[in-house]
Amino acid sequence: MDELKDIAPELSKLNKENPFVTPENYFDDFSARLHMKIEAEKSAVPKKQFRIINILKPAIGLAASFALIFLLVYWPLKTFMPMQVAETAEQTEYSDYEILNIVEDMDEGSFFALLEESNGTNKFSDEDLVAYVSANFTDYEIFENTEK
């Protein structure tokens, strides 16, 4: 004890009593209060964890953000500058690769209707036709159609 006075004189002056006490009559009605809390937890209705809205929230938010971007950017540009938007659409030129992709995605009826147009602006060379046929038909299909 003398060492404590030498090392920490302020600490040695503190009382050595327990500062924590229970309230008066705390344990007299403790069991009744505990029983009431247990009954309240049992009677509580559990919340539903799975809802369809929780699954759809991200998709709805994404769709709303795309709609907002469209309304804030494209629509005002189209409204206030319609000629500039139309000019940029007309100035678009396609490369040979893009044209080939467009032609490959066409069905036969559309392709032949495009070939038979009489306006004279769309001219296809024999190489374009060969590229289309070789890309969309197998050798067997070509042979089968030439035999008929």
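**Student:** What's the story with the overall build of the chain in this structure? I'm lost.
**Tutor:** Helix and strand counts for the chain stand at 9 helices and 0 strands. Accessible surface, the chain as shown: approximately 14,000 Å² in total, 61% of it carbon and sulfur.

**Student:** For this particular structure, what's the right way to read unusual backbone geometry?
**Tutor:** Generally, phi is negative for residues other than glycine and the peptide bonds are trans, each holding for most cases. You will see that N25, though not glycine, has its phi angle at about 60°, which is positive. Checked against the element boundaries, N25 lands in the loop between α2 (9-12) and α3 (30-43). The exposure class assigned to N25 is exposed, which follows from its relative accessible area of 54%.

**Student:** Before we go on, may I ask you to explain the packing of aromatic side chains in this structure?
**Tutor:** Counted according to the given criterion, the structure contains 5 aromatic pairs. Both rings, one in Y132 and one in F137, keep their centres 6.3 Å apart while their planes meet at 85°; by these two values the pair is edge-to-face. The exposure class assigned to Y132 is buried, which follows from its relative accessible area of 4%. Using a relative accessible area of 21% as the deciding quantity, one classes F137 as partly exposed.

**Student:** Would you mind showing me how to read the environment of D2 here?
**Tutor:** Looking at the element boundaries, D2 is found in helix α1 (residues 2-7). Judged by relative accessible area, D2 falls into the exposed class, the value being 59%. Separated by 10 residues in sequence, D2 and S12 place their C-alpha atoms 9.1 Å apart.

**Student:** In this structure, what is going on with helix α4 (residues 52-80)? I would like to understand it.
**Tutor:** A turn of α-helix holds 3.6 residues, and therefore any two residues three or four places apart point the same way. The end-to-end C-alpha distance of α4 is 41 Å, a good match for the 42 Å that 29 residues give at a rise of 1.5 Å each. When the local axis directions of α4 are compared, the greatest deviation, roughly 35°, occurs at L71.

Definitions and limits used
- Residues numbered from 1 in each chain as written.
- Predicted model: local features only at pLDDT ≥ 70, side-chain atom pairs only at ≥ 80, totals over all residues.
- Heavy atoms only, no water.
- Helix = DSSP H or I, 4+ residues; strand = E, 2+ residues; numbered from the N terminus.
- Areas by Shrake-Rupley, 256 points an atom, 1.4 Å probe, with all protein chains shown as cover.
- Buried < 20%, exposed > 50% of the residue type's maximum accessible area, 1.4 Å probe, protein only.
- Phe/Tyr/Trp six-rings, centres within 6.5 Å; stacked < 30°, edge-to-face > 60°.
- Expected span 1.5 Å × (residues − 1).
- Bend = angle between axes of the 7 residues up to and from the residue.

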